[in-house]
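# Structural features, examined
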Amino acid sequence: MDGMLRTTGTGARDAGEVQVLSERLELKVANEGVGDSPSGVLIGVSPVGASAEHTQSVDLAEHLGLLHVLVVDDDDAVRKACCQIAAGMGFEVVGAESATAAREIMKQRRIDLLLLDLKLPGGGGLALLEQVKALHPDTAVIVMTAFATVSSAVEAMRIGAGDYLTKPFALEELTAVLERTGQQLHMDVQSRQLRERLRTQQGMGGLVGRSPGMEKLYRILSKVAYSTHPVLILGESGTGKELVARSIHFNGPNAAKPFVPVDCGSLVPTLIESELFGHVKGAFTGADRAKEGLLASADGGTVFLDEVGELPLDLQAKLLRALQEKEVRPVGATQAKPISARVLAATNRDLALMVEQGRFRKDLYFRLNVVNLRIPPLRDRRDDIAVLATHFLAQMEKESGVVRSFSDSMLRVMAEYDWPGNVRELENAIERACALSSGPVLHMGDLPTQLQDFRLHQGPAIQVVEEAMPERREVMGATQDGIVSIAEMEKHAILGTIRQLKGDKLMAAKLLGIGKTTLYRKLKEYGITEGLGD
């Protein structure tokens, strides 16, 4: 296509060529004057700076992967210089001299980043920007303007541009904005990939669920995982606060560094300071050797302060100072030791209320609460109960090698139960059911007492009769060939007798001519432990 320049690869132009081009452009400025140039020019860059920038750009290219850049400018010198700089940074670059040419290119190939001059023939830059953001919303846009004011750039930012350059600009400015935008694009891709892994149960940390509440949690997680800000994780006991913290750490840039959990509620009050900050030999009775504190042991990783609301006020003040100054002073030491760990904190308490009551320092609360994540309780995401139960059952299958499944009545009751202990209680219930089950199908009788009591309060007799209805219809001739198995006839006889006797199982066993133990075993196989007139 006429007027287009295409350059690919990181080694297509070296730093010396960039410098020569810069010198030519500077000469053009000297001869023509910056104010007379209709499109503006690139200015300034030293040979040393170009070489260092080139080395950094190669490293950036390896980190970012290949991103596609389209440079749109009707000034040949500026367009070629921008293409050259972007190619040197590792981008795959194509240039266009007009909005019309740019539209044709975007029809034929994917463009990740658009470097766009706002003053263009063939419709103008703002019109092209509007079209690009409408058709390709994920494409990042950097606008260039030669106007003395930035009003056009402000309008471009309102439409959807992510950054802007005012002509004339230095090569270093262009490199910086391309690098910044490229890194943001890379983070956006990683964020989407992480969110998808979490949503499809492939993310690290064991998070499971697809309810709206969990989808919202995944969206926030995918963003905070790549930052270094403190995160406060809120939620009831058993919701999985440590799993969220582990997901943030192991999906972030420092996943290879240590993850150090600290249970603030279980630390012995007299030893909390020593555990967190460490101590030197002889600092107190029994300190026969020096010990590194948990905050320092993370060494560039993550420190997870679980149940941070349990810390006493004097330790809160020392923790605040450590986070602000990024250093700790071990007990008995005279010199501070630097720390470089990211801090995640969690609590099931209302820290805002504790601040009002004077039981938690306000300044520490604000320090920890830069970003907060609230994990919804299990009762507020009932769609995830069956998914979680199946997940835990699959884990038990891997450990034991025994394939099991849930009865319909068990799934129904689990979905209706409020689970005050949240996910931890559900996991415990599944583990107990697997331990007590005598067959491949888990029934109500295998669940903990609190769930069976809940079922009784929900109207057991009605539920059991409803469960028995399909079998009754089948016995009465619902099967296609009219044949009923002996097992189904036996089940119908047992349940019918118990109902007629208003739940008297001992009398039912006597009339049926079977033992009490046999009757209870049969009822357990049917998923029935209570009801039928009891």
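Definitions and limits used
- Residue positions are counted from 1 within each chain, in the order its sequence is given.
- Per-residue local features of the predicted model are confined to residues with pLDDT of at least 70, and side-chain atom pairs are confined, for both listing and counting, to 80 or more; whole-chain, interface and lining totals are unaffected and use all residues.
- Side-chain calculation: all heavy atoms of the structure are included, whereas hydrogens and water are not.
- The numbering of helices and of strands both runs from the N terminus, where a helix is a DSSP run of H or I of at least 4 residues and a strand a run of E of at least 2.
- Burial status follows relative accessibility: with a 1.4 Å probe on protein chains alone, a residue under 20% of its type maximum counts as buried, one over 50% as exposed, and anything between as partly exposed.
- In what follows, a contact means two residues having at least one pair of non-hydrogen atoms within 4.5 Å.
- The accessible surface values rely on the Shrake-Rupley method and a 1.4 Å probe; as for residues, cover is taken only from the protein chains in view.
- Centres within 6.5 Å make a pair out of two Phe, Tyr or Trp rings, where for Trp the six-membered ring is used; the pair is then stacked when the planes are under 30 degrees apart, edge-to-face when over 60, and tilted otherwise.
- The distinction between a cavity and a pocket rests on a 1 Å grid over the protein atoms alone: a 1.4 Å probe fits inside a cavity but cannot get out, while a pocket stays open yet meets protein on both sides within 12 Å along at least five of seven lines, and a residue with an atom within 4 Å of a point counts as lining.
- Grid points are joined across faces, edges and corners, and a volume is the space filled by probe spheres set on the points.
- Throughout this entry, Asp, Glu, Lys and Arg are counted as charged residues, while Ala, Val, Leu, Ile, Met, Phe, Trp, Tyr, Cys and Pro are counted as nonpolar. The remaining residues, Gly among them, count as polar.
- For patches, a residue must show more than 30% relative accessible area and have no salt bridge; joins then use 9 Å for like charges and 5 Å for nonpolar side chains, namely Val, Leu, Ile, Met, Phe, Trp and Tyr.
- We define a salt bridge as a side-chain nitrogen of Lys or Arg found within 4 Å of a carboxyl oxygen belonging to Asp or Glu.
- Throughout, an axis means a line fitted to C-alpha atoms (over the contacting stretch in the case of helices), and angles, computed between N-to-C directions, take values from 0 to 180 degrees.
- In this scheme, roughly parallel covers angles under 35 degrees and roughly antiparallel covers those over 145, while 65 to 115 is roughly perpendicular and the rest are oblique.
- Crossing handedness follows the turn of the near helix against the far one: under a right angle anticlockwise gives a left-handed crossing, and clockwise gives a right-handed one.
- Two strands qualify as a pair provided DSSP detects at least 2 bridges between them.

### Let's talk about the overall build of the protein chain
Of the regular secondary structure elements, the protein chain holds 22 helices and 19 strands. For the protein chain, with 534 residues in total, the buried portion stands at 46%. Within the protein chain, contacts between residues at least 6 apart in sequence are counted, and of these 71% link residues at least 24 apart. As presented, the protein chain carries roughly 26,300 Å² of accessible surface, and 52% of it is formed by carbon and sulfur atoms.

### Remarks on the pairing of strand 5 (residues 113-117)
Buried residues dominate strand 5, accounting for 5 of its 5 residues. Residues of strand 5 alternate between two faces, with Leu113, Leu115 and Asp117 on one and Leu114 and Leu116 on the opposite face, all of them buried.

### Structural notes on the packing of aromatic side chains
For the coordinates displayed, the defined rule picks out 5 aromatic pairs. Look at Phe250 and Phe259: their rings are 6.1 Å apart centre to centre, the planes differ by 35°, and that puts the pair in the tilted class. Judged by its relative accessible area of 26%, Phe250 is partly exposed. The interplanar angle of 65° and the centroid separation of 5.4 Å between the aromatic rings of Tyr417 and Phe454 together place this pair among those described as edge-to-face. With Tyr417 in the loop between helix 16 (408-416) and helix 17 (422-436) and Phe454 in helix 18 (residues 449-457), this pair connects stretches of sequence that are 37 residues apart.

### Concerning the layout of surface pockets
Within this model, the largest pocket holds a volume of roughly 440 Å³. By residue class, the composition of the lining of the largest pocket is 10 nonpolar, 7 polar and 7 charged.

### Regarding a nonpolar patch on the surface
A surface patch of nonpolar side chains, amounting to about 230 Å² of accessible area, comprises Val268, Leu271 and Phe284. Position of Leu271 among the secondary structure elements: in the loop between strand 10 (259-263) and helix 10 (272-277). Using a relative accessible area of 37% as the deciding quantity, one classes Leu271 as partly exposed.

### Let's talk about empty space enclosed by the protein
Think of a ball as big as a water molecule: rolled over the atoms, this probe shows where empty space is left. What the rule picks out here adds up to 2 cavities of 30 Å³ or more. In this structure, the largest cavity encloses a volume near 80 Å³. What lines the largest cavity is Ala225, Ser227, Thr228, Ile248, His249, Gly252, Pro253, Asn254, Thr302 and Arg342. Within the lining of the largest cavity, the residues separate by chemical class into 3 nonpolar, 6 polar and 1 charged.

### Side note on the packing of helix 15 (residues 383-400) against helix 17
Two elements in contact, helix 15 and helix 17, have axes separated by 10 Å at closest approach and are oriented at 45°. The angle between helix 15 and helix 17 falls in the class oblique. Crossing of helix 15 over helix 17 shows right-handed handedness. Counted together, Ile385, Leu388, Ala389, Phe392, Leu393, Gln395 and Met396 of helix 15 and Val423, Leu426, Glu427, Ile430, Glu431 and Cys434 of helix 17 form the full contact between these two elements. Taken together, the residues of the contact of helix 15 with helix 17 sort by class into 10 nonpolar, 1 polar and 2 charged.

### Here we look at the pattern of salt bridges
With the rule as written, the count across this model stands at 18 salt bridges. Where Arg109 meets Glu92, a salt bridge forms, and the shortest distance between an N and an O atom there is 2.8 Å. With Arg109 in the loop between helix 4 (99-108) and strand 5 and Glu92 in strand 4 (residues 92-96), this residue pair connects regions lying 17 residues apart in the sequence. We note that Arg109, like Glu92, is buried. Each of Asp73, Asp117 and Lys167 takes part in salt bridges that share partners, so that together they form one network.

### Quick notes on the sheet that holds strand 13 (residues 302-306)
Sheet strands pair by backbone hydrogen bonding; their relative direction is either parallel or antiparallel. Read from one edge of the open sheet, 5 strands run 10-13-16-9-17, paired in parallel fashion. In this open sheet, the two strands that pair with only one neighbour each are strand 10 and strand 17 (371-374). Pairs of neighbouring strands in the sheet enclose a mean axial angle of 20°, with direction left out of account. Note that strand 13 and strand 16 (residues 342-347) share 5 bridges and pair parallel. In the strand pairing of strand 16, Phe304 is matched with Leu344. Along the sheet, helix 9 (residues 241-250) contacts strand 9 (231-234), strand 10, strand 13, strand 16 and strand 17; its crossing angle with strand 10, the most-contacted strand, is approximately 155°.

Limitation: the analysis is restricted to geometry and does not speak to function.
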